[in-house]
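# Observations on the model geometry
For reference, the chains in residue letters:
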Amino acid sequence: MIALGKVLGIVLLSVILVGIGTTIAMWSETLKINTYIHTGEVKVKWSAWECSDTGPDPQAPGFNNTENKNVSKCIVTVEKNDTEGNPIKLNITLVNAYPGYAVNITLVVDNIGTIPVKLYNVNWTHLDPNDTEALNVTLIKPNSTQIEPGENKTFILEIIVTQAANETALYSFDLELTFAQWNEVNGP
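Residues numbered from 1 in each chain as written. Predicted model: local features only at pLDDT ≥ 70, side-chain atom pairs only at ≥ 80, totals over all residues. Heavy atoms only, no water.

### Looking at the overall build of the protein
So the rule is basically this: Per the convention used, a helix needs a DSSP run of H or I reaching at least four residues, while a strand needs a run of E reaching at least two, with both numbered from the N terminus. Buried, partly exposed and exposed residues are distinguished by accessible area as a fraction of the type maximum, computed with a 1.4 Å probe on protein chains only: under 20%, between the cut-offs, and over 50%, respectively.
Broken down by element type, the protein carries one helix and eight strands. Helices (α) and strands (β) of the protein occur, in sequence order from the N terminus, as α-β-β-β-β-β-β-β-β. A burial count over the protein gives 27% of its 188 residues as buried.

Spelled out as structure tokens, the structure:
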């Protein structure tokens, strides 16, 4: 029994020594990767705006201002900036407007982010649903709304006061242009 135990001990010791020898004799090299992923930024701002009413009142088709009256006024101001001071909301006010008065507000959108963007959604909200007949509002978009980083696109907001407008009335609407990364938006 003792002889069998010695033999098993020697065999076990031999297996352990062979395993240690193999481990010590194996060469190896390890490759590692440190990965940092910095995501881009979708960021747009209004960079320029201008109203077409810079003198005699502009008129809708079918109306005329042959006397070159300058009765109404179009005012565009910044209503809200983001935390970095970029204009993100404009206020457009038409003063002393009347049926036939028509203005185009030229609006320039800059892509100040790092990812190309496209116009994803246009949302109109009339503050009073009964006002929809008093104004004819059209957003004229460029053929392609994709804006590369550092570039811009021009949009035109056309506002026509219609015959349905009431005297001394206040008409108001909100317009939101939502931009998203270009590969999430179908269409131009």
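### Thoughts on the nonpolar core
Selection rule: The term nonpolar core refers to a set of buried residues drawn from Ala, Val, Leu, Ile, Met, Phe, Trp, Tyr and Cys, joined through side-chain atoms within 4.5 Å.
Counting residues in each nonpolar core, the largest one holds 25 residues, and the members touching the most others are Cys74, Val103, Ile105, Leu157, Ile159 and Phe179. Secondary-structure elements contributing two or more residues to this core are strand E1 (44–51), strand E2 (73–81), strand E4 (102–111), strand E5 (117–126), strand E6 (135–140), strand E7 (152–161) and strand E8 (173–181).

### Focus on the pairing of E6
Cut-off, in case you're wondering: Here, any two strands with at least 2 DSSP bridges between them count as paired.
Residues Leu135, Val137 and Leu139 of E6 are buried on one face, while the alternating residues Asn136, Thr138 and Ile140, pointing to the opposite face, are not. One ladder, built from six bridges, connects E6 with E7; its direction is antiparallel. Counted as the bridge partner of asparagine 136 is isoleucine 160 from E7.

### Comments concerning the packing of aromatic side chains
What counts here: Within 6.5 Å between ring centres, the rings of Phe, Tyr and Trp (the latter by its six-membered ring) count as paired, and their orientation is classed by plane angle as stacked under 30 degrees, edge-to-face over 60, tilted in between.
Applying the stated rule across the entire model yields three aromatic pairs. Each ring, one from tryptophan 124 and one from phenylalanine 173, has its centre 5.7 Å from the other, and the planes form 50°; the classification is tilted. Here phenylalanine 173 lies in strand E8 and tryptophan 124 lies in strand E5, a separation of 49 residues in the sequence. You can call tryptophan 124 partly exposed: its relative accessible area is 32%. Ring centres 6.1 Å apart and planes at 80° place the aromatic pair phenylalanine 155 and phenylalanine 179 in the edge-to-face group. Within this pair, whereas phenylalanine 155 is found in strand E7, its partner phenylalanine 179 is found in strand E8, the two being separated by 24 residues in sequence. By relative accessible area, phenylalanine 155 is classed as buried at 0%. Judged by relative accessible area, which is 11%, phenylalanine 179 ranks as buried.

### A few points about the side chain of serine 72
Put simply, the rule reads: Counting of polar contacts relies on pairs of N or O atoms within 3.5 Å, with two restrictions inside protein: one atom must be capable of donating a hydrogen and the other of accepting it, and residues adjacent in sequence are counted only when both atoms are side-chain atoms. By definition, residues are in contact when any of their heavy atoms lie within 4.5 Å.
Along the chain, the position of serine 72 falls in the loop between E1 and E2. A distance of 2.6 Å separates a polar side-chain atom of serine 72 from the backbone oxygen of asparagine 96. Discounting residues that sit within four places of it in the chain, serine 72 has contacts with Asp53, Asp57, Val95, Asn96, Ala97, Tyr98 and Tyr101.

### Structural notes on the state of the cysteines
Note the cut-off: Throughout, disulfides are identified as pairs of cysteine sulfur atoms within 2.5 Å of each other.
Following the criterion strictly, the structure yields one disulfide and no others. Each sulfur of the disulfide joining cysteine 51 and cysteine 74 lies 2.2 Å from the other. Judged by the sign of its S-S torsion, about 115°, the cystine formed by cysteine 51 and cysteine 74 is right-handed. Residue cysteine 51 is located in strand E1, and its partner cysteine 74 is located in strand E2; the two are separated by 23 residues in the primary sequence. Cysteine 74 gets classed as buried once you look at its relative accessible area, which sits at 12%.

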